[in-house]
Amino acid sequence: MSISDRLTAIQKTIATTARNCDRDPATIQLVAVSKYHSIASIEEAIIAGHRNFGENYIQEAAKKWQLLSDRANFHFIGHIQSNKAKLAAEMFSLVETVDRYKLARSLNNHLEKLGRSLDILIQVNIGQDPNKSGILPQEAAPLLEKISTLSRLRPRGLMTIPPQSESAEGSRVHFKNLRTLGTDLASRKLFTDNNKVDLSMGMSRDFKVAIEEGATIIRIGTAIFGQRKEFVK
Ligand SMILES: *Cc1c(COP(=O)(O)O)cnc(C)c1O
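Residues numbered from 1 in each chain as written. Predicted model: local features only at pLDDT ≥ 70, side-chain atom pairs only at ≥ 80, totals over all residues. Heavy atoms only, no water.

### Here's the deal with the pattern of salt bridges
- Tallied over the entire structure, the rule returns 14 salt bridges.
- One salt bridge in this structure joins R71 and D70, with 4.0 Å as the shortest N-O distance.
- Put simply, D184 and R188 hold a salt bridge, and the shortest N to O gap is 3.4 Å.
- A single salt-bridge network, built from bridges that share partners, covers E169, R172, K176, R179, E212 and E213. (Salt bridge = Lys/Arg side-chain N within 4 Å of Asp/Glu carboxyl O.)

Written out as structure tokens, the structure reads:
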């Protein structure tokens, strides 16, 4: 199957899954995770009408951004070192992986110089898995309180990668917990729009479960682009 055919098939699955749980498919944004995939593959997706891509590595993203930013939006979904915050502040439409104040402050400083604002998500280690990055659930509120003093950042919601499990169903409890945390933080008015909190959760293997549990952003790589090969320099 071509990238275009796979995108069509996934959009169809998103729509069906959403309708089956009484959700409007238009409230679910598909991010095509293009890390390790070529410029040509991304262009194929753009030609098929897709716009939102996810990247994990700043250097790789920079190359793609330079060539494609007039036709595509990029989300950052990887770990950012604070010393790469300048590029991140410049390139991305959404940084999904803010998990510490130092990084938030560094992004904010660069955004001030660039004269722009940036939508962000807080990455939460919802399964409290020692192998996963993200802030612990109980630390999300204090972090958001500190971020509220940074005028260039707009916290839109939460992102998570659940612990590995045997089946997609294993992710359900973690997705449910992320949604509950989002609702709690919204009731404390910690987001930019507390009536519309984004939940970025669900990947190729478990995105249907994520949609059932309220995902508004799903991040799909393999099911669109195939197996990842190597770093694109
Ligand atoms: C690589 C990656 C994805 C995509 O995973 P697939 O299993 O290929 O769909 C989604 N989210 C994050 C944070 C990733 O690093």
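### Quick look at the packing of aromatic side chains
- For the structure shown, the criterion picks out three aromatic pairs.
- With a centroid separation of 5.7 Å and an interplanar angle of 25°, the aromatic rings of Y36 and Y57 are classed as stacked. Of this pair, Y36 sits in the loop between β1 (29-33) and α2 (39-47) while Y57 sits in the loop between β2 (52-55) and α3 (58-68), and the two are 21 residues apart along the sequence.
- With relative accessibility at 27%, the residue Y36 sits in the partly exposed group.
- With 6.1 Å between their ring centres and 40° between their planes, F53 and F74 make a pair best called tilted. Placement of the pair is F53 in strand β2 and F74 in strand β3 (residues 73-76), with a sequence separation of 21 residues. Take F53 and F74: they sit in the same class, and that class is buried. (Phe/Tyr/Trp six-rings, centres within 6.5 Å; stacked < 30°, edge-to-face > 60°. Helix = DSSP H or I, 4+ residues; strand = E, 2+ residues; numbered from the N terminus. Buried < 20%, exposed > 50% of the residue type's maximum accessible area, 1.4 Å probe, protein only.)

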